[in-house]
Structure formats: structure tokens, C-alpha cells
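Letter by letter, the chains look like this.
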Amino acid sequence: MTQSERLRHLEETSSASKGGLIEHMRNSSVQENHDLKRELRRNLRAQRRNIGLARRRKAEYTILKRTLTLLKRRRARSVACYLDSDGEVPTQKLITQITLQGMDVYLPVLQHKSKRLCFRRYTYATPMRPNRYGILEPIPDQSPAIGANRLDAVLLPVVGFDRQGSRLGMGGGFYDTTLKFLQHRDWHPLITIGLAFELQLVDYIPTDRWDISLDRVVTERSVYQGRVKQVY
Ligand SMILES: Nc1nc2c(c(=O)[nH]1)N(C=O)[C@@H](CNc1ccc(C(=O)N[C@@H](CCC(=O)O)C(=O)O)cc1)CN2
Ligand SMILES: Nc1ncnc2c1ncn2[C@@H]1O[C@H](COP(=O)(O)OP(=O)(O)OP(=O)(O)O)[C@@H](O)[C@H]1O
């Protein structure tokens, strides 16, 4: 869906059309989008961190089961995940379950110069070290890499999302750059699945031309079908 189609859909379905908010968004520039995204990111990250432990655990369990079902149904073999930080949906148990199902798990490794992520194999024995944000990642050369276009599924951390599958991330643009090859390729078998808490769902995420959208978003409440794509 293009940006203007998304906005038209939103105008028809939501109260955000009142007061000219949508009209404002339709005309927003890259700079305005940047500011809108930054504000939204700040709010949503604070809300995400504030989720209580009991609610978090319950949500984690439901999201784990739903994600495993999705991956098994697609007969995924190579799956990229992330190690959670900053209140993101926890993934350690999910990674264990994916591994027990016989799938290979990969984690992102930051490559600052190219602003890309490289994905490396992760098992309980993989040597790890923290990146500049303090998130553990496999040490390059001590763990095999896989080309992003050879993955069957990518599980992405989410700061915010909307019903069209637009994703707000941490703001580095790393996933967008790395998964750029998916743009305009609806037939590509790789499925992008965002993992989020329900409170991260908002009416509208401002998008830029480089933003990669999500095929699915799994929350404790639902599995949202985002990007309109032939999923089989
Ligand atoms: N768990 C997890 N792993 C991930 C990502 C992610 O979003 N979550 N990434 C997804 O891209 C990449 C890392 N990108 C990140 C980008 C910014 C920050 C961050 O905390 N930024 C600080 C400011 C940092 C600074 O001083 O420059 C902040 O916003 O508070 C963290 C990870 C790869 N691995
Ligand atoms: N194809 C591109 N062309 C120009 N800039 C890009 C492109 N891809 C990413 N960027 C840069 O990435 C920055 C962050 O993008 P954005 O705010 O959409 O990140 P994000 O999707 O929230 O983060 P992430 O993917 O790391 O979780 C933008 O400000 C932009 O400068």
C-alpha cells in the first residue's frame, strides 16, 4: 500500500481524520516525519518499559506460542531473531523453542559503516560480545553468517506499529537498510514478523520511502496481518 492509500484507508476508518491531522500527515516532509517519529518513539519506549512483570510474562508466553505456530506453518528453517533490551518483547524462551523445533536461529550484528545488519548463527555455545548499545551479538568470524535474502523469517523488535504493518524501530534505520531488497518484491518468500505488546499499536505510524513494512505483527491480543502480500 502506498502512503496515500494508507492515509485514505485511515481517513475512512478512524477518528484521526477529525481536526485535519491526516491532512497534515499527508503533506509531511522527511524532516517533519523525523520529528514525529522521534516524539512517538520517546512515548512508546517509555510505555513499553513501564509494563509490569506479570503482564509482561503473560504476554511473552502468548506471543511465543503464536510466533511458533506461524513459523511452523510456514515450514521456516532459518529464522532471524533479536536479544531483547529496553523492555522489548522477551525472546530467550522463544529462541529455545525455535531451536527445539529444529530451526536455525540467527542474530543481528551491527555493521556501522554500511548501517546494515549482518545475521550470524546463534546457539547456546556461540561466543558473544556486547555491541555499542550493550546488546550481545555473535562475535564475527566465530559464527557462520547468512545472507539476509536466504532467511525464511525475520522476527523484528518493534517500538510502534499500525494496522497497515508500518513499523517504528529504534531509529537507526538498520533493519530498513538490511531488508531493502524486499521493497517492491511481494513474491519474496521471506516473511517479516514484528513482536510487540498490544499497547504499541497506534492509529498511524508516519512512513518514509525507505521504511520496510511488516507482514505480520504478533501481540498478546492478536496476530495482525500487515503488508498485503501473497503469504502461503
Ligand atoms: N534488541 C535489539 N537488537 C537490535 C536492534 C534493536 O532495535 N533491538 N537493532 C535495530 O535496529 C539493532 C541495534 N540498533 C539500535 C539502535 C539504537 C539503540 C539505542 O539504544 N539508542 C539509544 C541512543 C544511543 C546513542 O547514544 O547513540 C537511545 O535511543 O536511547 C539500540 C539499538 C540491532 N540489534
Ligand atoms: N534508503 C534510505 N535512504 C535514506 N535514508 C535512509 C534509508 N534507509 C534508512 N535511512 C536513514 O535511517 C534513519 C532512521 O530511519 P527510521 O527512523 O525509519 O528508523 P527505524 O525503522 O525506526 O529504525 P530500525 O530499522 O533501526 O529499527 C533515517 O533518519 C534515515 O536517515
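Just so it is clear, the structure is predicted and the values come from calculations on it, not from any experiment. (Residues numbered from 1 in each chain as written. Chains lettered and ligands numbered in written order. Predicted model: local features only at pLDDT ≥ 70, side-chain atom pairs only at ≥ 80, totals over all residues. Heavy atoms only, no water.)

(A) Quick look at the site of ligand 2. What surrounds ligand 2 is a group of 18 residues, the closest being K37, R167, G169, F174 and D211. Here M170 contributes a backbone N or O atom positioned 3.2 Å from an oxygen atom of ligand 2. At 3.2 Å, a backbone N or O of Y175 approaches an oxygen atom of ligand 2. Considering ligand 2 on its own, with 650 Å² of exposed area, one finds that the protein chains cover 77% of that surface. Because more than half of its atoms lie within 2 Å of the grid, ligand 2 is assigned to the largest pocket. (Near = heavy atom within 4 Å. Polar contact = N/O pair within 3.5 Å; in protein donor to acceptor, adjacent residues only side chain to side chain. Areas by Shrake-Rupley, 256 points an atom, 1.4 Å probe, with all protein chains shown as cover. 1 Å grid on protein atoms, 1.4 Å probe; cavity = no way out; pocket = protein on both sides within 12 Å on 5 of 7 lines; lining within 4 Å. Sits in = over half its atoms within 2 Å of the grid points.)

(B) Local environment of the confidence of the model for the protein. Of the residues in the protein, 87% have a pLDDT of 70 or more, and the chain-wide mean is 91. Among the prediction metrics, the complex's ipTM stands at 0.91, with pTM recorded as 0.90. (pLDDT = per-residue confidence, 0-100.)

(C) Representation of the sheet that holds strand β12 (residues 223-225). Pairing is mixed in the open sheet, where eight strands are placed in the order β6-β3-β2-β1-β7-β10-β11-β12. Of all strands in the sheet, those bounded by a partner on one side alone are β6 (145-146) and β12. As paired elements, strand β11 (residues 216-218) and β12 share three bridges and run antiparallel to each other. Looking across to β12, one finds that R216 is bridged to Q225. Helix-sheet contacts for helix α4 (residues 53-73) involve β1 (78-80), β7 (153-157), β10 (191-195), β11 and β12, and the interaxial angle to β11 is about 150 degrees. Contacts between helix α5 (residues 92-100) and the sheet are confined to β1, β2 (104-111), β7 and β10, with β2 contributing the most and set at about 130 degrees to the helix. (Pairing = 2+ DSSP bridges. Helix = DSSP H or I, 4+ residues; strand = E, 2+ residues; numbered from the N terminus. Contact = heavy atoms within 4.5 Å. Axes fitted to C-alpha atoms, helices over the stretch in contact; angles between N-to-C directions.)

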